[in-house]
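The primary structure of each chain is shown beneath.
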Amino acid sequence: MNFQLNGTSTATFQIATNIISNIRDTDAGDANFTDGINFEIFDAAGSTVELSNNVIDQIQGYGISITIFSSGSVNVTISNDNQITNTQDGEVFIAP
C-alpha cells in the first residue's frame, strides 16, 4: 500500500486488519515501491495515520515506512498488534 499526501491537504488514514505479503521488485533496474505500507507526506500537508492489526510478511523493503517532509501537523500511531515478519530492510522506518 502506497500513500502520498501533499500541498495543504489534510487526511486521516486508518489502515487495519489487512494481510500484506510477498512484496518484491522483480526488475532490479527500476525503483519500485517495496514496503508493505508506505506513507510519504510533503509540503504543508497534515494527516493522522493509524495502523493496527495488520499482518505484514515477506517484504523486500520495510514492513511500514513513513517519511514526513511536511511542515504541517502529522500524527502517527502504530499499534503493537501489527505482526511484521521476514522483511529485508526492517520492521518500521519513520523519518525524520
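Structural data are supplied above this passage.
This structure is a prediction, so every number in the text was calculated from the model and none was measured. (Residues numbered from 1 in each chain as written. Predicted model: local features only at pLDDT ≥ 70, side-chain atom pairs only at ≥ 80, totals over all residues. Heavy atoms only, no water.)

Student: Lay out the environment of glutamine 4 in plain terms, naming residues and giving numbers.
Tutor: Its location among the elements puts glutamine 4 in strand E1 (residues 2-5). Judged by its relative accessible area of 54%, glutamine 4 falls in the exposed class. Linking glutamine 4 and threonine 67, residues 63 residues apart in sequence, is a C-alpha distance of 9.7 Å. (Helix = DSSP H or I, 4+ residues; strand = E, 2+ residues; numbered from the N terminus. Buried < 20%, exposed > 50% of the residue type's maximum accessible area, 1.4 Å probe, protein only.)

Student: Run through the packing of aromatic side chains, naming residues and quoting values.
Tutor: Applying the stated criterion to the full structure yields 5 aromatic pairs. Geometrically, the ring pair formed by phenylalanine 42 and phenylalanine 69 is stacked, given 5.3 Å between the ring centres and 10 degrees between the ring planes. On the criterion of sequence distance, the pair formed by phenylalanine 42 in the loop between strand E4 (37-41) and strand E5 (46-52) and phenylalanine 69 in the loop between strand E7 (62-68) and strand E8 (74-78) is long-range, its members being 27 residues apart. Relative accessible area serves as the criterion here: at 26%, phenylalanine 42 is assigned to the partly exposed category. Put simply, the rings of Phe3, Phe13 and Phe39 touch in pairs and so form one group of aromatic residues. (Phe/Tyr/Trp six-rings, centres within 6.5 Å; stacked < 30°, edge-to-face > 60°.)

Student: With reference to specific residues and values, describe the sheet that holds strand E3 (residues 19-23).
Tutor: Across a sheet, paired strands are connected by hydrogen bonds in the backbone, their directions being either parallel or antiparallel. The strand order E3-E6-E9 describes an open sheet built from 3 strands, whose pairing is parallel. Each edge of the sheet is formed by a strand with only one pairing partner; in this case those strands are E3 and strand E9 (83-87). Looking at each pair of strands side by side, their axes are set apart by 0 degrees on average, direction ignored. (Pairing = 2+ DSSP bridges. Axes fitted to C-alpha atoms, helices over the stretch in contact; angles between N-to-C directions.)

Student: So what's going on with unusual backbone geometry? Residues and values would help.
Tutor: Residue proline 96 is bonded to the preceding alanine 95 through a cis peptide linkage, with omega at -10 degrees. The residue proline 96 is located in the segment after strand E10 (90-95) in this model. Positive phi, normally seen in glycine, also occurs at aspartate 43, with a value near 55 degrees. Note on placement: aspartate 43 falls in the loop between E4 and E5.

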